[in-house]
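Chain residues, written in single-letter form:
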Number of protein chains: 4
Amino acid sequence: MKTPKEIVNLMMEGDAFSRWLGISVDKLDKGHCTLSCTVRAEMLNGHHIAHGGISYSLSDSALAFASNSYGNKCVSIETSISHLLPVKEGDILTAFCDEIHRGKTVAIYTVNIFNQREEKISMFKGTVNISREIW
Amino acid sequence: MKTPKEIVNLMMEGDAFSRWLGISVDKLDKGHCTLSCTVRAEMLNGHHIAHGGISYSLSDSALAFASNSYGNKCVSIETSISHLLPVKEGDILTAFCDEIHRGKTVAIYTVNIFNQREEKISMFKGTVNISREIW
Amino acid sequence: MKTPKEIVNLMMEGDAFSRWLGISVDKLDKGHCTLSCTVRAEMLNGHHIAHGGISYSLSDSALAFASNSYGNKCVSIETSISHLLPVKEGDILTAFCDEIHRGKTVAIYTVNIFNQREEKISMFKGTVNISREIW
Amino acid sequence: MKTPKEIVNLMMEGDAFSRWLGISVDKLDKGHCTLSCTVRAEMLNGHHIAHGGISYSLSDSALAFASNSYGNKCVSIETSISHLLPVKEGDILTAFCDEIHRGKTVAIYTVNIFNQREEKISMFKGTVNISREIW
């Protein structure tokens, strides 16, 4: 069985979009991870703040890395996100993913994202399906 | 008061991320819109399918355009998405945004995304806060 | 394999809370059902409207009946509900449950509830885990 | 302005359904509360476990008490719940409601419910609209 680090390296290799987001994997353990990225001009929306898809995508990558790190392939089935504060160009976002529950076929995670002033900017919940396929 | 088309043109001008996604506005009316985009290699994740953030971002843009088209600025407060089928490179995604409810300060929309084979690939629900600020 | 009607009769026999809610099964098919109930004084909250738990519970019963009707036991893993309009004592609620997606281990349903004036009062989405256990 | 305790007493007086649930208010502060109740036979569903509507309703009452305790009337607009573990007759449920964000017109809360063995049985997130009407 591969280690969490080997699995996430393998995932990141193929994960062109996480690379576009500039995601750095700061911490990683079975069921948990900490990711960060910096908001660039091309990530902004029509309100001149980060598009909601940016914090969602960072959260969804965190969900993928934390849930797949045990060795079984997991795919997201249902996710929700609350946008709490606007995010601006140059903001550094840090996403903390925690495991809430891991059963046989379903697991649930939360991802809280903070900016560089340690203000929570979004709260995400994700449910994944745990397949029998191994990384 | 600006028309829906004028508002969305204004939003798209500043919306660098929707432009990166290659979003085309196919239909637009107060509270409703149809958007489309094509999945490129840089939108894929470690499973070699579209990152969940792509269909979320397309849905979130549809929510923004449909909800802001009345003239008042609206900001997303809570959104959820179910990923139903994997999306591949080259797939053409079409997002249909419908208004479910519009009150004085809160409005709710769904966005259903279909691929070029008319299979539903995701179902999104978004709640926005209607501000008093005018576009 | 039991029919949808046999399964739901079996479920309703043990379902004391659905009976307390006064739920009537108006239509039933694999993956779909229509339920109704009347709002009583003991279902109201501190705003003198129906407690949010009433429309949620009616939706959750509809989810259970529609998803279990194929024969495999299904248990709800993630659900969300938007409350659109206040519900009053004496209102007759009708819940329509539709199947959005049914895979091997996970299925997704929506439940829309209308009052006797055909106004939509809530929108629910539910994800269930399909077990191998048969009714 | 009334105190949190005066407001919740006023809400509970009119809240026949929370009384039917047997809810006890164990702790209460602006934006936070702890509620408990015991699962009775009439709260069970067709799987012979507590109906999903029971933990939802307990969570929704906690959301109502915590969000209304500042003095402005708040109404739930969007809520979601993940059911983590089955709940049985006789189980004692304790719900902890925490404030995640409180803006001018919208506030967000989580409610985590534990059983008497301190196992988390559900995780709820609720968004409310803050009206100008005072209790």
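Residues numbered from 1 in each chain as written. Chains lettered and ligands numbered in written order. Predicted model: local features only at pLDDT ≥ 70, side-chain atom pairs only at ≥ 80, totals over all residues.

Asker: Is there a simple way to explain the overall build of chain A in this structure?
Answerer: The helix and strand inventory of chain A stands at three helices and six strands. Taken from N to C terminus, the helices and strands of chain A fall in the order α-α-β-β-α-β-β-β-β. Over its C-alpha trace chain A gives a radius of gyration of 14 Å, about what one expects of a compact globule, namely 14 Å for 135 residues. When the backbone C-alpha atoms are referred to their principal axes, chain A occupies close to 45 × 25 × 25 Å. When the 135 residues of chain A are sorted by exposure, 53% land in the buried category. Summarising the internal contacts of chain A: among those between residues at least 6 apart in sequence, 66% fall at separations of at least 24. (Helix = DSSP H or I, 4+ residues; strand = E, 2+ residues; numbered from the N terminus. Rg over C-alpha atoms; globule rule 2.2 N^0.38 Å. Buried ≥ 20, exposed ≤ 12 C-beta atoms within 10 Å, placed from the backbone. Contact = placed C-beta atoms within 7 Å.)

Asker: What am I meant to see in the relation of the copies chain B and chain A here?
Answerer: Both copies of the chain are tied together by a single rotation about an axis and a shift running along it. When chain B is brought onto chain A, the operation consists of a screw motion whose angular component is 180 degrees and whose axial shift is 0.0 Å, with 0.0 Å RMSD remaining. One copy is carried onto the other by what is essentially a two-fold rotation axis. Taking C-alpha positions as the reference, the residue of chain B nearest the rotation axis is Ser80(B), at 1.9 Å. A high fraction, 100%, of the interface residues of chain B reappear at the interface in chain A, so the copies pair face to face through one surface. (Least-squares fit on C-alpha atoms with pLDDT ≥ 70 in both.)

Asker: Would you take a moment to explain the interface of chain B and chain A for this structure?
Answerer: Where interface size is given, it is often the accessible area lost as the parts come together that is meant. Contacts between the two partners involve 33 residues from chain B and, on the opposite side, 33 residues from chain A. Within the residue set of the side of chain B that touches chain A, elements represented by two or more residues are helix 1 (4-14), helix 2 (16-21), helix 3 (52-68) and strand 3 (72-83) of chain B. With nine residues, the top contributor of residues to the side of chain B that touches chain A is strand 3 of chain B. Residue classes in the side of chain B that touches chain A are distributed as 14 nonpolar, 15 polar and four charged. One ladder, built from five bridges, connects strand 3 (residues 72-83) of chain A with strand 3 of chain B; its direction is antiparallel. What sits directly across from Ser80(A), in strand 3 of chain B, is Ser80(B). (Nonpolar A, V, L, I, M, F, W, Y, C, P; charged D, E, K, R; others polar. Pairing = 2+ DSSP bridges.)

Asker: So what exactly am I meant to see when it comes to the relation of the copies chain C and chain A here?
Answerer: Take chain C, turn it by 180 degrees, move it 0.0 Å along the axis, and it overlays chain A with an RMSD of 0.0 Å. Most of the interface of chain C is mirrored in chain A, where 100% of its interface residues are also at the interface.

Asker: Even after reading the chapter, I still don't get the packing of helix 1 (residues 4-14) of chain A against helix 3 (residues 52-68) of chain A, so can you show me in this structure?
Answerer: Each packed pair of helices is defined by two parameters, the angle between the axes and the distance between the axes. All names here are of chain A. Look at helix 1 against helix 3: their axes get within 9 Å of each other, and the N-to-C directions meet at 140 degrees. It follows that helix 1 is oblique to helix 3 by the angle criterion. Where helix 1 crosses over helix 3, the two elements pack in a sense that is right-handed. On helix 3, the residues touching Ile7, Val8 and Met11 of helix 1 are Ala64, Phe65 and Asn68. The class makeup of the residues in the contact of helix 1 with helix 3 is five nonpolar, one polar and no charged. (Axes fitted to C-alpha atoms, helices over the stretch in contact; angles between N-to-C directions. Parallel < 35°, antiparallel > 145°, perpendicular 65-115°, else oblique. Left-handed = near helix turned anticlockwise from the far one by under 90°.)

Asker: Quick question: what am I supposed to make of the interface of chain C and chain A here?
Answerer: Taken together, the seven residues of chain C in the interface contact seven residues of chain A. Mapped onto the side of chain C that touches chain A, the elements with two or more residues apiece are strand 3 (72-83) and strand 6 (120-134) of chain C. Top element by residues in the side of chain C that touches chain A is strand 3 of chain C. It accounts for three residues.

Asker: Is there a simple way to think about the sheet that holds strand 6 (residues 120-134) of chain D in this case?
Answerer: Sheets are built from strands paired through backbone hydrogen bonds, the pairs being either parallel or antiparallel. The sheet built from 12 strands is open, its strands ordered 1(C)-2(C)-4(C)-5(C)-6(C)-3(C)-3(D)-6(D)-5(D)-4(D)-2(D)-1(D) with antiparallel pairing. Unpaired on one side and paired on the other, strand 1 (24-29) of chain C together with strand 1 (24-29) of chain D mark the two borders of the sheet. Taking the axes of each pair of neighbouring strands and ignoring which way they run, one obtains an average angle of 20 degrees across the sheet. Where strand 1 of chain C meets strand 2 (residues 32-38) of chain C, five bridges bridge the pair, whose relative direction is antiparallel. Counterpart to Leu28(C) in the pairing with strand 2 of chain C is Cys33(C). Together, strand 1, strand 2, strand 3, strand 4 (92-102), strand 5 (106-114) and strand 6 of chain C together with strand 3 (72-83) of chain D form the strand contacts of helix 3 (residues 52-68) of chain C, whose direction differs from that of strand 3 of chain C by roughly 145 degrees. Contacting strand 3 of chain C together with strand 1, strand 2 (32-38), strand 3, strand 4 (92-102), strand 5 (106-114) and strand 6 of chain D, helix 3 (residues 52-68) of chain D runs over the sheet at an angle of about 145 degrees to strand 3 of chain D.

Asker: Explain the pairing of strand 2 (residues 32-38) of chain B to me, please; I cannot follow it from the model alone.
Answerer: Here is the key point about a regular strand: its side chains alternate between the two faces of the sheet. All names here are of chain B. The side-chain alternation of strand 2 yields one buried face, formed by Cys33, Leu35 and Cys37, and one unburied face, formed by His32, Thr34, Ser36 and Thr38. Counted between consecutive antiparallel strands, the loop separating strand 1 (residues 24-29) from strand 2 contains two residues, among which Gly31 sits at a positive phi close to 85 degrees. Where strand 2 and strand 4 (residues 92-102) come together, six bridges link them in antiparallel fashion. Each residue of the ladder has a partner; that of Ser36, found in strand 4, is Thr94.

Asker: It is not clear to me how the sheet that holds strand 3 of chain A should be interpreted in this structure. Could you clarify?
Answerer: A sheet is described by the order of its strands in space; here 12 strands give the open sequence 1(A)-2(A)-4(A)-5(A)-6(A)-3(A)-3(B)-6(B)-5(B)-4(B)-2(B)-1(B), paired in antiparallel fashion. Looking along the sheet, the strands with just one partner apiece sit at the ends: strand 1 (24-29) of chain A together with strand 1 of chain B. The sheet shows a mean angle of 20 degrees between the axes of neighbouring strands, taken without regard to direction. As paired elements, strand 5 (residues 106-114) of chain A and strand 6 (residues 120-134) of chain A share nine bridges and run antiparallel to each other. Looking across to strand 6 of chain A, one finds that Thr110(A) is bridged to Lys125(A).

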